[in-house]
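So you can see what is in the structure, the chains are spelled out below.
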Amino acid sequence: MNSHPQPHAAILDIKPYIGGEAKAEAARLHRLASNENPLGPSPKAMEAYKALAPDLHRYPDGSSHALREAIGSVFDLPMDRIVCGAGSDELLGLLIRSYAGPGDEVIHSRHGFLMYPIQTRLAGAQPVSAPEADLKTDPKAIIGAITPATKVIVLANPNNPTGSFLTAAELRNLHAHIPSHVLLILDSAYAEYADHPDYDAGVSLVNEFSNVVMTRTFSKIYGLAALRLGWAYAPDHVVDVLNRARDPFNVNAAAIAAGIAAVRDAEHVARSVEVNNRMRPWLARQMEQMGYRTYPSLGNFLLVSFPPHNAEDVRLFLKARGVLVRQMGAYGLADCLRITIGDEADMQAVVDGVRAFQIENPAE
Ligand SMILES: Cc1ncc(COP(=O)(O)O)c(C=O)c1O
């Protein structure tokens, strides 16, 4: 007999999510393991955060009204169709748990964000991994994975950790093959960085169809990862479900205050995009010149394949120099490392580190 309470069986199938490393013994740290904004938060968001201190005894506004109003005005969306959450992780979990349960299937792309299978198992549902073509979401494989048990399809666009994306036309075509009772979640966490004419974060699909939801985050370009803030744009009936399922005060007051200032600071966003657009191709070129394959990315990160070298050896070498990048074994990409795009000093430290590694470890 088990002598203590037992969770439902699927919980023990979950491999806990391991975040990026944030510490190393080095004089200067380059934290490039969690896709955070190297410019930090908007100065206006920091001010708003500090100004909140005397009101910390007050409950937050449980409807995040002012924040939804600000998001709605910046993105030109009706605020009644926006729901805020404690990170987009919370919203993704609420959506998956609300629409899928035991006996149901949730489809994700083979190298989709790791939280999708975790949240699916937590719901008691079965994650279904659709194969990819050259590390890119394959719409045909997603469609082929649909069964009568499918309740949700969740895709990151652009995808973390691969950086690849589906164009607006590819997404629309994929959606046309998805039954109307299946919820399509478009996780557009990196949308603000996705500076490409063929990219669409999903607003028009949400507007047109009753089975599409878009999620967004303040953890990436807005530099507010510590506060845990995200939002969803959804049809009315999904908004209703999220508002029933979420905690009454799921978004804290500091996140609301800082989020309003951050989303309105267009200049900080533009500067962040500019740094990313300049440093990402620069890093990719340097890596290619050193003989490594890189994958095209629309995000604030680059996936680099390290053969003939061992990616873990490279990662540990970089770590010893204070350069923290993300190992990819949990994604089945143990040959690769994911490097967040930082500022000039960060990127130079990566390149100098990899060069020093090559000198010490010449390829056979
Ligand atoms: C694709 C994707 N979705 C969602 C998240 C979670 O973001 P949040 O901090 O808003 O929970 C991340 C964070 O790395 C991500 O890469």
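Residues numbered from 1 in each chain as written. Predicted model: local features only at pLDDT ≥ 70, side-chain atom pairs only at ≥ 80, totals over all residues. Heavy atoms only, no water.

On to the packing of helix H3 (residues 87-99) against helix H8 (residues 236-245). Following both chains from N to C, one finds H3 and H8 inclined at 100 degrees, their axes separated by 10 Å at the closest point. By the angle class used here, H3 and H8 are roughly perpendicular. Here Leu91, Leu94, Leu95, Ser98 and Tyr99 of H3 lie close against H8, whose contacting residues are His237, Val238, Val241, Leu242 and Ala245. (Axes fitted to C-alpha atoms, helices over the stretch in contact; angles between N-to-C directions. Helix = DSSP H or I, 4+ residues; strand = E, 2+ residues; numbered from the N terminus. Parallel < 35°, antiparallel > 145°, perpendicular 65-115°, else oblique. Contact = heavy atoms within 4.5 Å.)

What follows covers the packing of aromatic side chains. The tally for this structure, following the rule as stated, stands at nine aromatic pairs. Ring plane angle 70 degrees and centroid distance 5.9 Å describe the contact between tyrosine 17 and phenylalanine 113, whose orientation is recorded as edge-to-face. Here tyrosine 17, found in the segment before strand E1 (30-32), pairs with phenylalanine 113, found in the loop between strand E3 (105-109) and helix H4 (115-122); they are 96 residues apart in sequence, far enough to count as distant. Residue class for tyrosine 17 comes out partly exposed when judged on its relative accessible area of 33%. Phenylalanine 113 gets classed as buried once you look at its relative accessible area, which sits at 13%. Summarising the aromatic geometry, the rings of tyrosine 59 and phenylalanine 249 are spaced 4.7 Å apart at their centres and angled 35 degrees between planes, so their arrangement reads as tilted. Of this pair, tyrosine 59 sits in the loop between helix H1 (43-51) and helix H2 (65-75) while phenylalanine 249 sits in the loop between H8 and helix H9 (253-264), and the two are 190 residues apart along the sequence. Residue tyrosine 59 is classed as exposed on the basis of its relative accessible area, which comes to 65%. The exposure class of phenylalanine 249 is partly exposed, given its relative accessible area of 41%. Of the aromatic side chains, those joined through ring pairs into one cluster are Tyr17, Phe113 and Tyr116. One cation-aromatic arrangement involves arginine 338 over phenylalanine 301; the distance from NZ or CZ to the ring centre is 5.9 Å. (Phe/Tyr/Trp six-rings, centres within 6.5 Å; stacked < 30°, edge-to-face > 60°. Buried < 20%, exposed > 50% of the residue type's maximum accessible area, 1.4 Å probe, protein only. Lys NZ or Arg CZ within 6 Å of the ring centre and 35° of its normal.)

What follows deals with the pairing of strand E14 (residues 336-340). Across the five residues that make up E14, a large majority, five, are buried. What you see with E14 is no split at all: Cys336, Arg338 and Thr340 on one side and Leu337 and Ile339 on the other are buried throughout. Judged from the five bridges that link them, strand E12 (residues 301-305) and E14 form a sheet pairing that is antiparallel. Looking at E14, one finds that leucine 303 is bridged to arginine 338. Relative to E14, strand E13 (residues 323-327) is paired through two bridges, and the arrangement is antiparallel. Residue pairing in the sheet places glutamine 327 in a bridge with leucine 337 of E14. (Pairing = 2+ DSSP bridges.)

By themselves, these are just geometric observations and shouldn't be taken as functional.
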